[in-house]
Amino acid sequence: MLRAGVDGRTALKVALAADTVSIAVMEILDNAVMLAVPGAMEAGLTSWVFWASLAFALLVAFLLTTPVNRWLISRGKGHAVVHAYHHAH
(Lines give C-alpha, C1' and ligand atoms only; values in the text may rest on other atoms or scores of the structure.)
Protein backbone atom coordinates (compact mmCIF):
# COMPACT_ATOMS: atom_id res chain seq x y z
CA MET A 1 0.00 0.00 0.00
CA LEU A 2 2.86 2.34 0.72
CA ARG A 3 4.15 1.72 -2.82
CA ALA A 4 0.72 2.77 -4.10
CA GLY A 5 1.26 6.17 -2.48
CA VAL A 6 -0.92 5.66 0.59
CA ASP A 7 0.33 7.39 3.73
CA GLY A 8 1.38 5.20 6.67
CA ARG A 9 -1.59 6.02 8.87
CA THR A 10 -4.15 5.23 6.15
CA ALA A 11 -2.26 2.06 5.20
CA LEU A 12 -2.37 0.86 8.79
CA LYS A 13 -6.10 1.57 9.08
CA VAL A 14 -6.88 -0.24 5.84
CA ALA A 15 -4.69 -3.22 6.73
CA LEU A 16 -6.28 -3.61 10.16
CA ALA A 17 -9.82 -3.17 8.90
CA ALA A 18 -9.43 -5.39 5.84
CA ASP A 19 -9.73 -8.76 7.54
CA THR A 20 -10.75 -7.94 11.10
CA VAL A 21 -14.40 -8.98 10.74
CA SER A 22 -13.53 -12.22 8.97
CA ILE A 23 -10.83 -13.14 11.47
CA ALA A 24 -13.07 -12.29 14.45
CA VAL A 25 -15.91 -14.46 13.12
CA MET A 26 -13.49 -17.30 12.38
CA GLU A 27 -11.96 -17.17 15.86
CA ILE A 28 -15.35 -17.10 17.58
CA LEU A 29 -16.56 -20.10 15.59
CA ASP A 30 -13.30 -22.01 16.02
CA ASN A 31 -13.31 -21.52 19.77
CA ALA A 32 -17.02 -22.30 20.09
CA VAL A 33 -16.57 -25.63 18.30
CA MET A 34 -13.53 -26.54 20.39
CA LEU A 35 -15.53 -25.79 23.55
CA ALA A 36 -18.53 -27.80 22.30
CA VAL A 37 -16.62 -30.98 21.43
CA PRO A 38 -16.33 -33.11 24.58
CA GLY A 39 -12.72 -33.52 25.66
CA ALA A 40 -11.23 -31.24 23.01
CA MET A 41 -10.01 -28.61 25.45
CA GLU A 42 -8.42 -31.18 27.75
CA ALA A 43 -6.79 -33.20 24.97
CA GLY A 44 -3.06 -32.87 24.54
CA LEU A 45 -1.15 -32.27 21.33
CA THR A 46 -0.56 -36.00 20.92
CA SER A 47 -4.25 -36.85 21.12
CA TRP A 48 -6.33 -37.59 18.02
CA VAL A 49 -9.28 -35.89 19.79
CA PHE A 50 -7.43 -32.57 19.78
CA TRP A 51 -6.43 -32.79 16.11
CA ALA A 52 -9.81 -34.08 14.90
CA SER A 53 -11.60 -31.36 16.87
CA LEU A 54 -9.27 -28.70 15.54
CA ALA A 55 -9.75 -29.87 11.96
CA PHE A 56 -13.53 -29.89 12.42
CA ALA A 57 -13.47 -26.45 14.06
CA LEU A 58 -11.43 -25.00 11.20
CA LEU A 59 -13.76 -26.56 8.62
CA VAL A 60 -16.82 -25.08 10.34
CA ALA A 61 -15.11 -21.69 10.62
CA PHE A 62 -14.12 -21.78 6.93
CA LEU A 63 -17.62 -22.74 5.78
CA LEU A 64 -19.27 -20.02 7.83
CA THR A 65 -16.77 -17.22 7.19
CA THR A 66 -16.82 -17.70 3.41
CA PRO A 67 -20.27 -16.06 3.12
CA VAL A 68 -19.10 -13.26 5.44
CA ASN A 69 -16.10 -12.61 3.17
CA ARG A 70 -18.24 -12.74 0.03
CA TRP A 71 -20.65 -10.23 1.58
CA LEU A 72 -17.79 -7.89 2.58
CA ILE A 73 -16.13 -8.10 -0.85
CA SER A 74 -19.43 -7.52 -2.66
CA ARG A 75 -19.74 -4.26 -0.73
CA GLY A 76 -16.16 -3.18 -1.44
CA LYS A 77 -15.06 -3.90 2.11
CA GLY A 78 -12.81 -6.48 3.71
CA HIS A 79 -9.90 -7.78 1.70
CA ALA A 80 -11.29 -6.09 -1.44
CA VAL A 81 -10.12 -2.76 -0.03
CA VAL A 82 -6.51 -3.93 0.07
CA HIS A 83 -6.73 -5.27 -3.48
CA ALA A 84 -7.91 -1.88 -4.71
CA TYR A 85 -4.62 -0.42 -3.51
CA HIS A 86 -2.58 -3.23 -5.08
CA HIS A 87 -4.01 -2.43 -8.50
CA ALA A 88 -3.56 1.31 -8.09
CA HIS A 89 0.20 0.99 -8.43
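These figures come from a predicted structure and were not determined experimentally.

Chemist: What should I look at first to understand the overall build of the protein chain in this one?
Modeler: Each helix and strand counted, the protein chain has three helices and zero strands in total. For the protein chain, the α and β elements follow one another from N to C terminus as α-α-α. Across the 89 residues of the protein chain, 21% fall into the buried class. Counted over contacts in the protein chain with a minimum sequence separation of 6, partners at least 24 positions apart contribute 55%. Of the roughly 6,300 Å² of accessible surface on the protein chain, a fraction of 69% belongs to carbon and sulfur atoms.

Chemist: Looking at this structure, how should I read the side chain of Asp30?
Modeler: Examined against the element boundaries, Asp30 turns out to sit in helix α1 (residues 8-36). Within the buried set, Asp30 has no salt-bridge partner at all; the shortest N-O distance to an opposite charge, 22 Å, is to Arg70. Among all residues touching Asp30, those that are not within four sequence positions of it are Leu54, Ala57, Leu58 and Ala61.

Chemist: Got a minute to help me understand the side chain of Thr65 in this structure?
Modeler: Residue position: Thr65 is located in helix α2 (residues 48-74). Setting aside anything within four residues of it in sequence, one finds Thr65 in contact with Ser22, Val25, Met26 and Leu29.

Chemist: Would you take a moment to explain the packing of aromatic side chains for this structure?
Modeler: The tally for this structure, following the rule as stated, stands at one aromatic pair. Where Phe50 meets Trp51, the ring centres are 4.9 Å apart and the plane angle is 85 degrees; that geometry is what we call edge-to-face. Take Trp51: its relative accessible area is 46%, and that puts it in the partly exposed class.

Chemist: Explain α2 here, please?
Modeler: Within an α-helix, residues lying three or four positions from one another point in the same direction, as the helix has 3.6 residues per turn. Counted at 1.5 Å a residue, the expected span for α2 with its 27 residues is 39 Å, and the 39 Å between its end C-alpha atoms agrees. Taking the largest bend as the criterion, α2 deviates by roughly 30 degrees, centred on Thr65, and proline Pro67 comes between one and four positions later. A side-chain oxygen of the first residue of α2 lies 3.1 Å from the backbone nitrogen of Val49; this N-cap is Ser47.

Chemist: Mind showing me how you'd approach a nonpolar patch on the surface here?
Modeler: A cluster of nonpolar side chains, contributed by Phe56, Leu59, Phe62, Leu63 and Leu64, occupies part of the molecular surface with about 520 Å² of accessible area. Looking at the element boundaries, Leu59 is found in helix α2.

Rules used throughout
- Residues numbered from 1 in each chain as written.
- Predicted model: local features only at pLDDT ≥ 70, side-chain atom pairs only at ≥ 80, totals over all residues.
- Heavy atoms only, no water.
- Helix = DSSP H or I, 4+ residues; strand = E, 2+ residues; numbered from the N terminus.
- Buried < 20%, exposed > 50% of the residue type's maximum accessible area, 1.4 Å probe, protein only.
- Contact = heavy atoms within 4.5 Å.
- Areas by Shrake-Rupley, 256 points an atom, 1.4 Å probe, with all protein chains shown as cover.
- Lys, Arg positive; Asp, Glu negative; His and termini not counted.
- Salt bridge = Lys/Arg side-chain N within 4 Å of Asp/Glu carboxyl O.
- Phe/Tyr/Trp six-rings, centres within 6.5 Å; stacked < 30°, edge-to-face > 60°.
- Expected span 1.5 Å × (residues − 1).
- Bend = angle between axes of the 7 residues up to and from the residue.
- Polar contact = N/O pair within 3.5 Å; in protein donor to acceptor, adjacent residues only side chain to side chain.
- Patch = residues over 30% accessible without salt bridge, like charges linked within 9 Å, V, L, I, M, F, W, Y side chains within 5 Å.

In short, geometric facts, not functional conclusions.
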